[in-house]
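# A structural walkthrough
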Amino acid sequence: MKPITKQSDKKTAFTIIELLTVMSIIVILIGLLLPSLNMAKRYAKEVRQRAQFHSIGAAMELFSANSGWGGYPPSDALDTAATPLYYCGAQKLCEAMMGQDLAGFHPDSQFLAACTDGTNKLYNNNPVGDPLYPTEEANLKLRKGPYLETEKVSAYRLSDLYANTGSNLDPDLFVLCDVYNRVRNRTTGKGVGMPVLYYKANKANTKHDPNAAYLPTTAGDNGYIYNYLDNDDLVLLGLPGSTTPHPMASTQTPEVFYEMTRDSRVSLPDGWPYRPDSYILLSAGFDGLYGTDDDIFNFDKAPGQ
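Now for a look at the structure at hand. Please read all numbers here as calculations on a predicted model, not as lab measurements. Every chain is numbered on its own, with residues counted from 1 as its sequence reads. Note on the predicted model: pLDDT of at least 70 is required for a residue's local features to be given, and 80 or more for side-chain atom pairs to be given and counted; whole-chain, interface and lining totals, by contrast, use all residues. Computation of side-chain values: all heavy atoms of the structure, hydrogens and water removed.

### With respect to the overall build of the protein
- Runs of H or I in DSSP of at least four residues are treated as helices and runs of E of at least two as strands, each being numbered from the N terminus. For the protein, the helix and strand inventory stands at six helices and seven strands.
- Across the protein, helices and strands are ordered from the amino to the carboxyl terminus as α-α-α-β-α-β-β-β-β-α-α-β-β.
- Using C-alpha atoms as the atom set, the radius of gyration is obtained and then compared with a globule rule of 2.2 Å times the number of residues to the power 0.38. Over its C-alpha trace the protein gives a radius of gyration of 26 Å, far above what one expects of a compact globule, namely 19 Å for 305 residues.
- Along the first, second and third principal axes, the C-alpha set of the protein runs to 115 × 55 × 35 Å.
- Relative to its 305 residues, the protein shows a buried fraction of 45%.
- By definition in these notes, contact holds between two residues if any of their heavy atoms fall within 4.5 Å. Look at the contacts in the protein between residues 6 or more apart in sequence, and 59% of them connect residues 24 or more apart.
- Surface accessibility follows the Shrake-Rupley procedure with a 1.4 Å probe radius. Residue values consider only the protein chains on display as shielding. Total accessible area on the protein stands at roughly 16600 Å², and carbon and sulfur atoms take up 55% of it.
- His residues and chain termini do not enter the charge count, which takes Lys and Arg as positive and Asp and Glu as negative. Charge positions are represented by NZ for Lys, CZ for Arg, CG for Asp and CD for Glu. One way to put it: in the protein the 27 positive side-chain charges average out to a point 13 Å from where the 34 negative ones average out. Exposure is judged per residue with a 1.4 Å probe applied to protein chains only, and the accessible area is read against the type maximum: over 50% gives exposed, under 20% gives buried, and values in between give partly exposed.

### Re the side chain of Asp209
- Tracing the backbone through its elements, the reader meets Asp209 in the loop between β5 (197-200) and α5 (232-235).
- Throughout this description, the term salt bridge denotes a Lys or Arg side-chain nitrogen within 4 Å of a carboxyl oxygen of Asp or Glu. Buried within the structure, Asp209 lacks any salt-bridge partner; Lys207 is the closest side chain of opposite charge, at an N-O distance of 6.6 Å.
- Setting aside chain neighbours within four positions, we find Asp209 in contact with Leu215, Tyr224, Tyr258, Pro269 and Asp270.

### A few points about the sheet that holds strand β7 (residues 296-297)
- DSSP calls a pair of strands paired once it identifies at least 2 bridges connecting them. One open sheet accounts for three strands, arranged β5-β6-β7; its pairing is antiparallel. The sheet is open, and its two edges are formed by β5 and β7, each paired on a single side.
- Bridge count for strand β6 (residues 279-283) against β7 is two bridges, and the pairing is antiparallel. Bridging across to β7, Ser283 finds its partner in Ile296.

### Examining the packing of aromatic side chains
- Classification of ring pairs uses Phe, Tyr and Trp, with its six-membered ring standing for Trp, and accepts pairs whose centres are within 6.5 Å; under 30 degrees between planes counts as stacked, over 60 as edge-to-face, and the remaining range as tilted. Per the stated rule, a full pass over the model turns up 12 aromatic pairs.
- Arranged with centres 4.8 Å apart and planes meeting at 85°, the rings of Trp69 and Phe111 form a pair that is edge-to-face. Of the two residues, Trp69 is situated in the loop between α1 (16-66) and α2 (89-98) and Phe111 in the loop between α2 and α3 (136-142); the sequence distance between them amounts to 42 residues.
- Judged by its relative accessible area of 31%, Trp69 is partly exposed.
- According to the relative accessible area criterion, Phe111 is buried, its value standing at 2%.
- For the pair Phe297 and Phe299, a centre-to-centre distance of 5.0 Å together with 15° between the ring planes defines the contact as stacked. Per residue, the accessibility class of Phe297 equals that of Phe299, and both read buried.
- Joined through ring pairs, the aromatic side chains of Phe63, Trp69, Phe105, Phe111 and Tyr147 make up one cluster.

### A look at the side chain of Thr292
- For Thr292, the location among the structural elements is in the loop between β6 and β7.
- Assessed through its relative accessible area of 16%, Thr292 is described here as buried.
- We call two N or O atoms a polar contact when they sit within 3.5 Å, provided that within protein one can donate a hydrogen and the other can accept it, with sequence-adjacent residues counted only if both atoms are side-chain atoms. Of note is the side chain of Thr292, whose polar atom sits 3.1 Å from the backbone oxygen of Leu289.
- With residues near it in sequence (within four places) discarded, Thr292 still touches Pro247, Met260, Ala284 and Asp287.

### Things to note about the environment of Leu289
- Mapped onto the elements, Leu289 comes out in the loop between β6 and β7.
- Distance in space between the C-alpha atoms of Leu289 and Leu197 is 12 Å, their sequence separation being 92 residues.

### What about the pattern of salt bridges?
- Inspection of the entire model under this criterion finds eight salt bridges.
- Residue Asp101 is joined to Arg143 by a salt bridge in which the shortest nitrogen-to-oxygen separation is 3.0 Å. Within this pair, whereas Asp101 is found in the loop between α2 and α3, its partner Arg143 is found in the loop between α3 and β1 (155-157), the two being separated by 42 residues in sequence. Each of the two residues, Asp101 as well as Arg143, counts as buried.
- Salt bridges sharing common partners tie together Glu46, Arg50 and Asp300.

### So, the nonpolar core
- Judged by nonpolar contacts, the single largest core of 42 residues is most densely connected at Leu161, Leu197, Leu234, Met248 and Tyr290.
- Breaking this core down by element, the ones donating at least two residues are α4 (158-161), β5, α5, α6 (255-260) and β6.
- The biggest single contributor to this core is α6, with four residues.
- The residues contacting Leu234, other than those within four sequence positions of it, are Cys88, Ala90, Leu158, Tyr162, Leu169, Pro195 and Leu197. Grouping buried Ala, Val, Leu, Ile, Met, Phe, Trp, Tyr and Cys residues that are joined through side-chain atoms within 4.5 Å yields what is termed a nonpolar core.

### Focus on unusual backbone geometry
- Omega for the peptide link from Tyr133 to Pro134 comes to -10°, which places this bond in the cis form.
- When you line up the elements, Pro134 lands in the loop between α2 and α3.
- For the bond running from Gly145 to Pro146, omega is 0°, close enough to zero to count as cis.
- Within the secondary structure, Pro146 is located in the loop between α3 and β1.
- Although it is not a glycine, Leu102 adopts a positive phi angle of roughly 70°.

Okay, structure coming up:
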């Protein structure tokens, strides 16, 4: 008879060394994959941001052709006919695309923060004052647009983004925001983007020198095609919820705006910008700061720039 072999009662299991080895391999693999995943995520966001700029660009052409304004909207910040005194390029872009109350652009607008044509109230914006001119029904029938789809556009009041807009900017006025969701809506807690900055070209001028010691001032543009001050009061507010200033602010290094938007292929003593005959749109990019290398514009830079 064959002897009966007694089977071992011991159960097969991993040793501590084996478990630690497997865990180490997993950690190493995650470490290798994370940078690639982050790069893919950032690239996807950049694609979305460029798509947003493309949509705004198409809407701007519709505005130029059909709004009754006669061209692209202005971007200059100074508004001497209203209080507060500043109504920056980002705010004027939103009015052109959506109207100050998001119900469409009024062709009698003079792009004033007080939402009037200089005398009569054109937009039913907060704080609500006089009734719309001449009547609400007639007013709304005159509106053009909105040129962007209201349910898809990221339009927020400045007070949704900033706890304090200072004495120069009206917190109740809207801006269009980018796709990066860098900021928390102060009311809802939802992630929202930074304001899209808008600069209109002054085609009568010829200067775009990032090294000039005499940049535009509040008294004049000093011959510059683009004026960085068009959005400076907004940029000076800094990154919402942070003490970090934007590098592009007038109190930091405003020359960076001209360096980032200069077309290096054009060799002129005073420099030359991209899109010298139209306008520039600027997103603060992934880091939420204007004036850093990840900023996104509505143009493609030359290779190597």
